[in-house]
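# Reading the structure
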Amino acid sequence: MSDWHWARAAEGVPHSGPRPFGWQEDRITLHPDEANLVEQAISDRIAGKAVRGIAADWCDLGVTGTRGGRPNAQTVTQIITAPRVCGYRANRGELLLIPETGQPVHGQWEPIVMPERWHAVCATFSPGSLYLHRGSGAPRRTGQKRPTPRYLATGFLRCGALRPDGTMCRGALCAQKGRSRKSPYVYSCRSCGRCSISGPLADEALEQLVFSEAQGLAKLPPLMRDRWRSGEMELEEKRKVVASVVTRCIVRPGVKGAASWDHSRVEPLPEHPGRAGWRYAEPTGP
Ligand SMILES: [Zn+2]
């Protein structure tokens, strides 16, 4: 994402392109007829209606998309699961979150529904068909070689936010560009969008876990620790060290307005009772 794009996105300014279905050309004011359709579709979907049936209703009403296409199940799904329907800002398929708090960035446009309704309608779909997964209708990128992770904690972090039903999300936190000098990148949950953590904070916390708390439990060779701390160790090797110590870590959502970095938000995920997520749980004490 270019800096220009990012700055606009972070400010919640609508970006260019065809106007989104439900809003007028200014992209801020609701298009009354379309907004009503979207609101009704969200209600119908939450009540259990097949999205194909909603698309058929729209076709019967003569509705066309803002690019002139006929509505189908996929386009209706993209429209009603787009974060913008509740005022949340996303860019390139990623919900924008304030790194320090994990709270979504709000756009300047008029929302169609409350965030709870958007969460509820998203929950009626499998994650793979959601706007946040597929983007605004652009073809899915498949068959691409996985890029080498550029950050220490990539792949190790899981979302600790609670879903409306009280279960933990556990979605993978993915690195994305951050908004501040202190947090040039952040890790954010792409499943629920409710958890985000400053990238440097999470990497520091992970390093602390590996070397401080794990020390008594996991017996990392001192030589390894020295090489890491001297800066000789490449990222790839550091990631192997992490993988040898912890399997996954849960990241608790940040507290709004928290002034200082809270390293304790990152903790090993208990996968087996009593093992607390440590790969080598070898107590050294009696
Ligand atoms: Zn999540």
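## Observations regarding the overall build of the chain
Secondary structure assignment for the chain yields nine helices and eight strands. In the chain, which comprises 286 residues, the share counted as buried stands at 35%. Here the analysis covers contacts within the chain between residues at least 6 apart in sequence; of these, 60% occur between residues at least 24 apart.

## Things to note about the sheet that holds strand 4 (residues 173-177)
Sheet strands pair by backbone hydrogen bonding; their relative direction is either parallel or antiparallel. Spatial ordering of the open sheet is given by 4-5-6, a layout of three strands whose pairing is antiparallel. Strands with a single pairing partner mark the edges of an open sheet, and in this sheet they are strand 4 and strand 6 (196-198). Across the sheet, the mean angle from the axis of one strand to that of its neighbour is 30°, orientation sign disregarded. Judged from the three bridges that link them, strand 5 (residues 185-189) and strand 6 form a sheet pairing that is antiparallel. The residue bridging Tyr-187 from the neighbouring strand is Ile-197, located in strand 6.

## Thoughts on the sheet that holds strand 3 (residues 157-159)
Pairing is mixed across the open sheet formed by three strands, whose spatial order is 3-7-8. Each edge of the open sheet is held by one strand with a lone partner, namely strand 3 and strand 8 (266-268). Strand-to-strand twist of the sheet, defined as the mean angle between neighbouring strand axes without regard to direction, takes the value 40°.

## Observations concerning unusual backbone geometry
Within the chain, Arg-27 stands out as a residue other than glycine whose phi angle is a positive 65°. Mapped onto the elements of the fold, Arg-27 is located in the loop between helix 1 (3-11) and helix 2 (32-46). Of note, Arg-170 is a non-glycine position whose phi angle comes to about 60°, a positive value. Along the chain, Arg-170 turns up in the loop between strand 3 and strand 4.

## A look at the environment of Leu-97
Among the secondary structure elements, Leu-97 is positioned in the loop between strand 2 (94-95) and helix 5 (115-122). Here the alpha-carbon distance between Leu-97 and Cys-189, two residues 92 residues apart in the chain, equals 9.7 Å. Excluding its chain neighbours within four sequence positions, the residues that come into contact with Leu-97 are Gly-102, Gln-103, Pro-104, Val-105, Ser-188, Gly-193 and Ser-196.

Calculation notes
Residues numbered from 1 in each chain as written. Predicted model: local features only at pLDDT ≥ 70, side-chain atom pairs only at ≥ 80, totals over all residues. Helix = DSSP H or I, 4+ residues; strand = E, 2+ residues; numbered from the N terminus. Buried ≥ 20, exposed ≤ 12 C-beta atoms within 10 Å, placed from the backbone. Contact = placed C-beta atoms within 7 Å. Pairing = 2+ DSSP bridges. Axes fitted to C-alpha atoms, helices over the stretch in contact; angles between N-to-C directions.

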